[in-house]
Amino acid sequence: MIIKSMRLTMHIPWAKSLKDKRMVVKSAIAKVCDKFNVSIAEVEHQDVIQTAVLAVVCVTGDTAQADSTLEHVLCFIENRSEAQITSVEYEFH
């Protein structure tokens, strides 16, 4: 069993309230859940208006498949989110 996680830090420059931020975060989470078989959640900075930190976790039987899935999720979020991704960190468990 291979468990790999990705931590994305996102900047939402136009957000003026937590409601604006939640709209972007919830949309990104819902779209990823609909398209990919991964777990995703906001894990840090919930009270910071223009910053969101998402964790994405993939469990597979193959390292290459986990890498591919997380890269596809990253590209998907980059192309379909109104936020800018400022950092990406990977962990292998």
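In this text, all values refer to a predicted model and were calculated from it rather than measured experimentally.

Q: Tell me about a nonpolar patch on the surface, residues and numbers included.
A: Side chains of M1, V57 and V59 sit close together on the surface and give an oily, nonpolar patch of about 310 Å² of accessible area. Mapping V57 onto the fold places it in strand β3 (residues 51-60).

Q: I'd love a proper account of the pattern of salt bridges, names of residues and values included.
A: Tallied over the entire structure, the rule returns four salt bridges. When the shortest N-O distance is used, the salt bridge between R7 and E44 registers 2.9 Å. Within this pair, whereas R7 is found in strand β1 (residues 2-11), its partner E44 is found in strand β2 (residues 39-44), the two being separated by 37 residues in sequence. Overall, R7 belongs to the partly exposed group, its relative accessible area being 24%. Here E89 makes a salt bridge to R7, at a shortest N to O gap of 3.1 Å. A residue pair is termed long-range when its members are at least 10 positions apart, and E89 in strand β4 (residues 84-92) and R7 in strand β1 qualify at 82 residues. Under the relative-accessibility criterion, E89 is labelled partly exposed at 40%.

Q: Kindly report on helix α1 (residues 18-35), identifying the contributing residues and their values.
A: Its 18 residues place the ends of α1 26 Å apart at the C-alpha level, agreeing with the 26 Å of an ideal helix rising 1.5 Å per residue. Of the residues making up α1, those classed as buried are K21, V24, V25, A28, I29 and V32. Buried residues of α1, seen end-on, are gathered within an arc of 125° and therefore sit on one face of the element. In α1, the exposed positions angled more than 90 degrees off the buried face are occupied by K19, K26 and D34. Buried-residue contacts for α1 involve β2, β3 and α2 (63-80).

Q: Give me the lowdown on the sheet that holds β1, citing residues and values where you can.
A: Strands sit in the order β2-β3-β1-β4 across an open sheet of four strands; the sheet is antiparallel. The sheet terminates laterally at β2 and β4, the two strands that pair on one side only. Strand-to-strand twist in this sheet, taken as the mean axis angle between neighbours without regard to direction, amounts to 25°. As paired elements, β1 and β3 share 10 bridges and run antiparallel to each other. Within the sheet, the bridge partner assigned to K4 lies in β3 and is C58. Of the strands in this sheet, β2 and β3 touch α1, which is tilted by about 155° from β2. Running at roughly 15° to β1, α2 makes contact with β1, β2, β3 and β4 of the sheet.

Definitions and limits used
In every chain, residue numbers begin from 1 and rise along the written sequence. With the structure being a predicted model, the display of local features is reserved for residues of pLDDT at least 70 and the display and counting of side-chain atom pairs for 80 or more, all residues being used for whole-chain, interface and lining totals. Each side-chain value is worked out from all heavy atoms of the structure, with water and hydrogens disregarded. In this analysis, a patch consists of residues with relative accessible area above 30% that form no salt bridge, clustered at 9 Å for like charges and at 5 Å for the nonpolar side chains Val, Leu, Ile, Met, Phe, Trp and Tyr. Each accessible area value is a Shrake-Rupley result obtained with a 1.4 Å probe; residue values ignore everything except the protein chains displayed when judging cover. The term salt bridge refers to a pairing of a side-chain nitrogen on Lys or Arg with a carboxyl oxygen on Asp or Glu at a separation within 4 Å. Each helix is a run of H or I in the DSSP string that is no shorter than four residues. Each strand is a run of E no shorter than two, and both are numbered from the N terminus. The rule is simple: take the accessible area with a 1.4 Å probe, protein chains only, and divide by the maximum for that residue type; under 20% is buried, over 50% is exposed, in between is partly exposed. Every helix has an expected span of 1.5 Å times one less than the residues it contains. This arc corresponds to the set of directions leading from the helix axis out to the C-beta atoms. Contacts between residues were defined by any pair of non-hydrogen atoms, one from each residue, lying within 4.5 Å. Here a strand pair is declared whenever DSSP counts at least two bridges between the two strands. Working convention: axes come from line fits to C-alpha atoms, limited for helices to the stretch in contact. Angles between N-to-C directions cover 0 to 180 degrees.

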